[in-house]
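# A look at the structure
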Amino acid sequence: MGKISNQTVLDKLNQQFGDKISLAAEPYGLLTFETTKEDIIPILSFLKQDEELKFNFLTDITGIHYPETALPIGVIYHVHSFVNNVRVRIKVFLEEINPVIPTATVLWEGANWMERETYDFFGITFEGHPGLYRILNVDDMTVFPMRKEYPLEDPNRVDKKDFFFGR
Amino acid sequence: MDHPIIAARHELTETTTLNLGPTHPATHGVFQNVLEMDGERIVSGVSTLGYIHRAFEKIAEHRPFYQITPLTDRLNYCSSPINNMGWHMTVEKLLGIQTPKRVDYLRVIVMELARISDHLICNSILGVDTGAYSGFLYLMEQREHIYEIYEEVCGARLTTNIGRIGGFERDFNDTAFAKIKKFLKNFGPVLKEFEELFNRNRIFIDRTAGVAAVDAETAMNYSWTGPILRACGVDYDVRVNEPYSSYEDFDFDIPVGTNGDIYDRYLVRQEEMWQSIRIIEQALEKVEKEPKGIFHAEVPEFYLPPKEEVYNNMEALIYHFKIVMGEIDTPKTEVYHCVEGGNGELGFYLVNDGGRSPYRLHFRRPSFINYQMYAPMSAGMLLSDAIINLSSLNVIAGELDA
């Protein structure tokens, strides 16, 4: 599919960043690796500006929550090289209380709302973001609803109890 | 919270704050723009969204895979079959299901019909917003015919819930094929007539050409995809770059614009409809050549058996039970799959932990990402231009808010 192989991308990254890139894998052919919050912006800007790789397009930024792990909050970037038709998925894991990561709006304007959405649902602070406030939920919401401890419905409500099927 | 509900006021200027939306007819959906106006000209704007946010990503974490399809309907409800198919293909990619060629071609037919209905609404509404109502009426009738085809295939019209994981719930019947052929025969002349009304129309060109022009660099910086990116001259189309559902078997062109203005977006969408007709014609030919009666992959672990089988056949009953109760293991992995939706790259990022429902599901909604440039690009524009700019972006509130 792509004009350059995942191995080429990974080799270039390893050459530049060495052990800052960990747990590289390719589920369904999409190169995936982890890094730290200190290195994410250098890696993204290297991917974007490298003459050969040219990952010029930010597809998506989103979050994930794995409770009861050492670093439970994840930020996931999908970057796409239009020139080479290759995608890369980068993950950064952060601590649960007050997770902070530098913003990608310095590289792509499009990251603005994606980061706002991620903040809105996971409570991840993107440092340096030009206007980080809630985007889809109401402003006076106090929780971050996509975190796993937040239930889909109020567990105390009784009007939907079904005594036969044990809801 | 210092969230700007009204646009910033300066002491020395006399600007007015205008609330465009949330339920203004010109926005064609429930979202708000708070604009700071200097007479007819927009000085700055703030977009407020989330009015129909329904927490689909959270709900999806509590539902088995096959029950997420109706959630995807409600993203871009102008072309829900594309969303449905995108979701089915994501799960099929996760589970490693190979669909038969005939299923792929039938899916292509449905998806291209959906693309036509999406573009047709966008372009005809653009006409309405520029003051030409009649073209809208011509094309709206054709959308009705597309909905009749959906009805024949799956029983529903708008929120279709069409198809199943592995294929379709039933085969296309002869009436469905007859309706598709009749639609193809009748749609071309109507679209031609519509183009004759608009393409060289002095008023329409004056209103749209050169308005809200965006260069390719800026568009890609804002992560634009779909017809509006192609109007800027970038030939990115998921159907070609990462073919899914056997799109590589089809012969079609990707129209691109030059200026990225509203007129180019209109022309790109118009040409895409012609290309969709081409694709459907080819797909019908290909379906003819495939063995009849195949409408789903042989995956009894995930494809619900027909009801009469469930009552009369032991294995079918077991599979039915297992599927409904979610007793079948799925791989612990993650997958990103994208399709070319009506507005651009519609992506599904699915993280699976091996259970019956996703651990995390994220929709990459093109409207949401395309729309964020709207407020910055409106600055300095006339209000009437900003309105048609909004319709040419084809922002669908359901896809905006998820």
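To keep things clear, this report deals only with the structure shown in the data block. Since this is a predicted model, take the numbers as computed values, not measurements. (Residues numbered from 1 in each chain as written. Chains lettered and ligands numbered in written order. Predicted model: local features only at pLDDT ≥ 70, side-chain atom pairs only at ≥ 80, totals over all residues.)

### As for the overall build of chain B
- Scanning chain B from N- to C-terminus turns up 17 helices and six strands.
- Whereas a compact globule of 402 residues would reach a radius of gyration of roughly 21 Å, chain B reaches 22 Å, a difference of no more than 12%.
- Each principal axis of the C-alpha atoms in chain B carries an extent, and together these give about 80 × 55 × 30 Å.
- Counting the 402 residues in chain B, one finds 50% classified as buried.
- For chain B, the proportion of contacts with a sequence separation of at least 24, taken over those separated by at least 6, is 70%. (Helix = DSSP H or I, 4+ residues; strand = E, 2+ residues; numbered from the N terminus. Rg over C-alpha atoms; globule rule 2.2 N^0.38 Å. Buried ≥ 20, exposed ≤ 12 C-beta atoms within 10 Å, placed from the backbone. Contact = placed C-beta atoms within 7 Å.)

### Regarding the interface of chain A and chain B
- Listed per partner, the contact involves 28 residues of chain A and 32 residues of chain B.
- When contributions to the side of chain A that touches chain B are tallied by element, the ones reaching two or more residues are β3 (57-65) and α3 (111-122) of chain A.
- It is β3(A) that provides the largest number of residues to the side of chain A that touches chain B, a total of six residues.
- Residue classes in the side of chain A that touches chain B are distributed as 16 nonpolar, eight polar and four charged. (Nonpolar A, V, L, I, M, F, W, Y, C, P; charged D, E, K, R; others polar.)

### A word on the sheet that holds strand β5 (residues 86-94) of chain A
Residues and elements named next belong to chain A.
- Strand order in this open sheet of five strands is β1-β2-β5-β4-β3, and the pairing throughout is mixed. Strands with a single pairing partner mark the edges of an open sheet, and in this sheet they are β1 (22-25) and β3. Adjacent strand axes in the sheet meet at a mean angle of 15° when their direction is disregarded.
- In terms of strand pairing, strand β4 (residues 73-81) meets β5 through nine bridges, oriented antiparallel. Opposite I73, over in β5, you have L94 as the bridge partner.
- Contacting β1, β2 (31-35) and β5, helix α1 (residues 6-17) runs over the sheet at an angle of about 20° to β2. (Pairing = 2+ DSSP bridges. Axes fitted to C-alpha atoms, helices over the stretch in contact; angles between N-to-C directions.)

### Side note on the environment of S391(B)
Residue and element names in this part refer to chain B.
- Within the secondary structure, S391 sits in helix α16 (residues 383-393).
- Residues S391 and M37, 354 residues apart in the sequence, show an inter-C-alpha distance of 20 Å.
- Filtering out sequence-adjacent residues up to four positions away, S391 remains in contact with H28, C122, I125, L126 and D129.

### A closer look at the pairing of β4(A)
Residues and elements named next belong to chain A.
- The element β4 is extensively covered by neighbouring structure, given that nine of its nine residues are classed as buried.
- Covered by surrounding structure in β4 are I73, V75, Y77, V79 and S81 together with G74, I76, H78 and H80, the residues of both alternating faces.
- The loop that links β4 with its antiparallel partner β5 comprises four residues; one of these, N85, has a positive phi angle of about 55°.

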